[in-house]
Structures are given as structure tokens and as C-alpha cells.
Amino acid sequence: MSHLGVQLLSLAAFGALALAMERHQQDVFGRALAPGRTRALRAAGWLALAAALALAVRGQGWSLGLVAWSGHITAAAGIVFVGLVVIARRRARR
């Protein structure tokens, strides 16, 4: 199993899911995105999470793969959260 691959897919997934929320769109882009783009981001996020799960399970089996996937998505969610906080604080200073 490629831990790097699972982590990168998880980061992309949570980034897409975060950007599918209007609040985060306002923070990052300064405006809300079109509804079609929002739906595409949400779908891409869920697909990337499923792909990360498949990669983890394929590499280590269901028992250890699920544990590894859980750890990777937790870390990815934390990284995306911190990134969004940093972006919001920088935007607030301007």
C-alpha cells in the first residue's frame, strides 16, 4: 500500500469537500461558486475518499487497511482545517 497515495487522495478529498461549502468558498474565493461546480466538488471529494479507501484496503486488507485509512483521513481533515483557518485569518487582516 502506498501511504503517500492514500494521504494525497485524502487531502484532495477533504479539500474538495471543504470547497463544496459556501462558507469556505467565500473564505477562499471571496464569492460562492456556481451550483454545478459545487456539486462537482462534492462528488469529487466523495469519489476521492472512496478511492483512498480502495487503495488502503487493497494494500493491507480490510482490517489494517481500514485502520490506516482512518488515520490518513483524520490527518487530512486536520491539515485542511488548519489551511482554512490560515486562509481566513490572512483574509481578515486585509
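Remember, predicted model here, so these are calculated numbers, not experimental data.

What counts and what doesn't
Residues numbered from 1 in each chain as written. Predicted model: local features only at pLDDT ≥ 70, side-chain atom pairs only at ≥ 80, totals over all residues. Heavy atoms only, no water. Patch = residues over 30% accessible without salt bridge, like charges linked within 9 Å, V, L, I, M, F, W, Y side chains within 5 Å. Areas by Shrake-Rupley, 256 points an atom, 1.4 Å probe, with all protein chains shown as cover. Salt bridge = Lys/Arg side-chain N within 4 Å of Asp/Glu carboxyl O. Lys, Arg positive; Asp, Glu negative; His and termini not counted. Charge placed at Lys NZ, Arg CZ, Asp CG, Glu CD. Helix = DSSP H or I, 4+ residues; strand = E, 2+ residues; numbered from the N terminus. Buried < 20%, exposed > 50% of the residue type's maximum accessible area, 1.4 Å probe, protein only. Contact = heavy atoms within 4.5 Å. Core = buried A, V, L, I, M, F, W, Y, C linked by side-chain atoms within 4.5 Å.

If you had to explain a positive patch on the surface to someone new, which residues and values would you point to?
Together, Arg89, Arg90, Arg91, Arg93 and Arg94 make up a region of like positive charge exposed at the surface. Its place among the elements puts Arg89 in helix H3 (residues 35-93). We classify Arg89 as exposed; its relative accessible area is 58%.

If you had to explain the side chain of His24 to someone new, which residues and values would you point to?
Looking at where His24 falls in the secondary structure, it is placed in helix H2 (residues 22-29). In this structure His24 touches Ala18, Leu19 and Leu84, once residues within four positions along its chain are discounted.

So what about the nonpolar core? Which residues, and what values?
Counting 10 residues, the largest nonpolar core consists of Val6, Ala13, Leu17, Ala48, Leu49, Ala52, Leu55, Ala56, Trp69 and Ile73. If you tally residues by element for this core, the top one is H3, at seven residues.

By themselves these figures say nothing about function.
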